[in-house]
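The chain contents come next:
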Amino acid sequence: MDESTVLDISAQAGGLSALLDWDDLPERLAALAQGDFPRHALSAVRLLPPIERQEVWAAGVTYLRSKKARMAESDFSATAYDKVYEAARPELFFKALPEKVVGPGQPVGIRADAKWNVPEPELVLVLNAGGGLAGFTIGNDMSSRDIEGENLLYLPQAKIYSRSCALGPTIRVGATEAEARNWTIEMAVERSGAQVFAGAASVGQIKRPFAELADYLFRSQTFPHGAMLLTGTGIVPPDTFTLEPGDLVRITISGIGVLENTVQPV
Ligand code: DO4
Ligand code: MG
């Protein structure tokens, strides 16, 4: 099947939670794709975010670039970022309930009470209920850097607000961590048709193994439907850059696809 066709296997496969638990997910999906299911042209459907009942969490300061940017934006909190980058325990924070996640083509939000807003393009680990890696998708961890930089205790307000998390366009299955570490993450921001920012990073620059991030997330915690875990950003626009209403954010991960969202104030 080509990538311009969408196959509706929901009648046979059940929901995403069940699907993520399949041991042989890529093979079973490939077999299902041969079946007689409703088919739609990709251009004729609107893709929802690839999430149902999974909580969304995020790792932070997993790239050296992120650590340096966070240390520069804050004064008395700077050493916290330095320490967490080196520590055994990673920074993990709650990001979104599934019903609050926006999908491809839906607007992401910038806070009305923030002055310095940025997108954070991140590889997302799609984890099953046992904490195993079932696939990958693309995430945008929208952040208000002036609020985060003022005081580390404001992090939840800088990170969790309406439309602050985008996921999509699809879940890539069947790729290993070693393969994913060769992928490139690119981000471009367009304003009135002109590019105002472009940057790139490699998934291979993520400091921690994926299993380590998943292991800490699942410690003393259960996720009966699995979980989405954003793995941190390695692309940080210059300090003079802030998003504006109407901007278009395009995030490309070479092994997955393209996630595009416009920006709106919330
Ligand atoms: O500690 C603040 C947030 C870090 C983050 O979101 C990232 O590194 O991507
Ligand atoms: Mg982030």
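Anyway, here's the lowdown on the structure attached to this text. No experiment lies behind these values; they were computed from the predicted model shown.

Points about the coordination of the magnesium ion (ligand 2)
Coordination of the magnesium ion (ligand 2) by the protein involves Glu-120 (OE), Glu-122 (OE) and Asp-141 (OD), with metal-donor separations of 2.0 to 2.1 Å. Taken in chain order, the donor set of the magnesium ion (ligand 2) reads E-x1-E-x18-D. Linking Glu-120 in the loop between strand E6 (117–118) and strand E7 (121–127) with Asp-141 in strand E8 (residues 133–141), this pair joins segments that are 21 residues apart in sequence.

Describing the sheet that holds strand E4 (residues 91–96)
The mixed open sheet is built from six strands, whose spatial order is E4-E3-E13-E7-E8-E10. Since the sheet does not close on itself, it has two edges, and those belong to E4 and strand E10 (165–172), each with one partner. The mean angle between the axes of side-by-side strands here comes to 30 degrees, regardless of whether they run parallel or antiparallel. Bridge count between strand E3 (residues 55–60) and strand E13 (residues 227–230): four bridges; the pairing is parallel.

Structural notes on the environment of Ser-10
When you line up the elements, Ser-10 lands in helix H1 (residues 10–13). For Ser-10, a relative accessible area of 44% puts it in the partly exposed group. Sequence spacing of Ser-10 and Val-258 is 248 residues, and the spatial spacing of their C-alpha atoms is 24 Å.

Things to note about the sheet that holds strand E15 (residues 257–265)
Read across the sheet, five strands follow the order E5-E15-E14-E11-E12 without closing on themselves; strand pairing throughout is mixed. At either margin of the open sheet sits one strand with a lone partner, and together these are strand E5 (108–110) and strand E12 (194–202). Each adjacent strand pair in this sheet contributes to an overall mean axis angle of 20 degrees, direction not counted. The pairing of E5 with E15 spans three bridges and is parallel. From the neighbouring strand, Val-108 faces E15, where its bridge partner is Val-263.

So, the layout of surface pockets
Put simply, the largest pocket is a space of about 1700 Å³. Taken together, 39 residues make up the lining of the largest pocket; nearest its centre are Val-6, Leu-7, Pro-169, Thr-170 and Ile-171. Those elements that place two or more of their residues in the lining of the largest pocket are strand E1 (5–7), helix H2 (16–20), helix H3 (25–32) and E10. No other element matches H3, which puts five residues into the lining of the largest pocket. Of the residues belonging to the lining of the largest pocket, the class tally is 24 nonpolar, nine polar and six charged.

Definitions and limits used
Residues numbered from 1 in each chain as written. Chains lettered and ligands numbered in written order. Predicted model: local features only at pLDDT ≥ 70, side-chain atom pairs only at ≥ 80, totals over all residues. Heavy atoms only, no water. Donors = N, O, S within 2.8 Å, 3.2 Å for Na, K, Ca; no water. Helix = DSSP H or I, 4+ residues; strand = E, 2+ residues; numbered from the N terminus. Pairing = 2+ DSSP bridges. Axes fitted to C-alpha atoms, helices over the stretch in contact; angles between N-to-C directions. Buried < 20%, exposed > 50% of the residue type's maximum accessible area, 1.4 Å probe, protein only. 1 Å grid on protein atoms, 1.4 Å probe; cavity = no way out; pocket = protein on both sides within 12 Å on 5 of 7 lines; lining within 4 Å. Points joined across faces, edges and corners; volume = space filled by probe spheres on them. Nonpolar A, V, L, I, M, F, W, Y, C, P; charged D, E, K, R; others polar.

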